[in-house]
Amino acid sequence: RAIQGEGAAVPPEGDWLQVVISAAAGEVTVYVNGEESTRFDLADPEHSWDAARTTLRLGVNYVGLIDELAAFDRALTPDEVRLLHETPNLPASLMR
């Protein structure tokens, strides 16, 4: 199931997007270019999964380039997501 916000559009060819997926306390928030795109509650049966049987797969059926991939061991705040979008080379400083 694809995750995208209402009114999501395909960016023009050659444009880069920053996508952040943040999960905390059973809620997932998706940000695009520093702004919240959509959110959903994992308690909703439509969005739930068995964590013991779940794998993370990046780039499946994706055609394009992926650059500057970062994974954190905590959920980023909305302010951190905006800062990450606005500040080049920031991921290292968010690793606290």
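Everything below is about the structure printed above this text.
These lines cover the structure that appears in this document, whether it is placed above or below. The structure displayed is predicted, hence computed values, not measured ones.

### Digging into the nonpolar core
Phase 1: Core analysis: the largest hydrophobic core is formed by six residues, namely Val20, Tyr31, Leu76, Val81, Leu84 and Leu90.
Phase 2: Residue contacts for Val20: discarding those within four places in its chain leaves Thr29, Val30, Tyr31, Val81 and Leu84.

### Looking at the environment of Asp79
Phase 1: Within the secondary structure, Asp79 is located in helix H1 (residues 78-86).
Phase 2: For Asp79, a relative accessible area of 54% gives the class exposed.
Phase 3: As a C-alpha pair, Asp79 and Glu35 span 44 residues in sequence and 9.7 Å in three-dimensional space.
Phase 4: A polar atom in the side chain of Asp79 sits 2.5 Å from the side chain of Arg82.

### Considerations on a nonpolar patch on the surface
Phase 1: A cluster of nonpolar side chains, Leu56, Leu58, Tyr62, Ile66 and Leu69, forms an exposed patch at the surface whose accessible area comes to about 620 Å².
Phase 2: For Leu58, a relative accessible area of 54% gives the class exposed.

### A short note on the sheet that holds strand S3 (residues 35-41)
Phase 1: Taken in spatial order, the three strands of this open sheet run S1-S2-S3, and their pairing is antiparallel. The open sheet has two edge strands with one neighbour each: strand S1 (19-24) and S3. Sheet twist, expressed as the average angle between the axes of neighbouring strands with direction ignored, equals 20°.
Phase 2: In this structure, strand S2 (residues 27-32) lies alongside S3, joined through six bridges in antiparallel fashion. Each bridged residue has a counterpart across the sheet, and for Val28 the counterpart in S3 is Phe40.

### Things to note about the side chain of Ser22
Phase 1: The residue Ser22 is located in strand S1 in this model.
Phase 2: A distance of 3.4 Å separates the side chain of Ser22 from the backbone nitrogen of Leu76, its partner in a polar contact.
Phase 3: Contacts of Ser22, omitting those with residues within four sequence positions, involve Glu27, Val28, Thr29, Tyr31, Ala75 and Leu76.

### Observations concerning H1
Phase 1: When H1 is considered as a whole, its buried residues turn out to be Glu80, Val81 and Leu84. Angular distribution of buried residues about the axis of H1 spans 100°; they occupy a single face of the element. For H1, exposure combined with an orientation more than 90 degrees from the buried face picks out Asp79 and Glu86.

Conventions adopted
Residues numbered from 1 in each chain as written. Predicted model: local features only at pLDDT ≥ 70, side-chain atom pairs only at ≥ 80, totals over all residues. Heavy atoms only, no water. Core = buried A, V, L, I, M, F, W, Y, C linked by side-chain atoms within 4.5 Å. Buried < 20%, exposed > 50% of the residue type's maximum accessible area, 1.4 Å probe, protein only. Contact = heavy atoms within 4.5 Å. Helix = DSSP H or I, 4+ residues; strand = E, 2+ residues; numbered from the N terminus. Polar contact = N/O pair within 3.5 Å; in protein donor to acceptor, adjacent residues only side chain to side chain. Patch = residues over 30% accessible without salt bridge, like charges linked within 9 Å, V, L, I, M, F, W, Y side chains within 5 Å. Areas by Shrake-Rupley, 256 points an atom, 1.4 Å probe, with all protein chains shown as cover. Salt bridge = Lys/Arg side-chain N within 4 Å of Asp/Glu carboxyl O. Pairing = 2+ DSSP bridges. Axes fitted to C-alpha atoms, helices over the stretch in contact; angles between N-to-C directions. Arc of directions from axis to C-beta.

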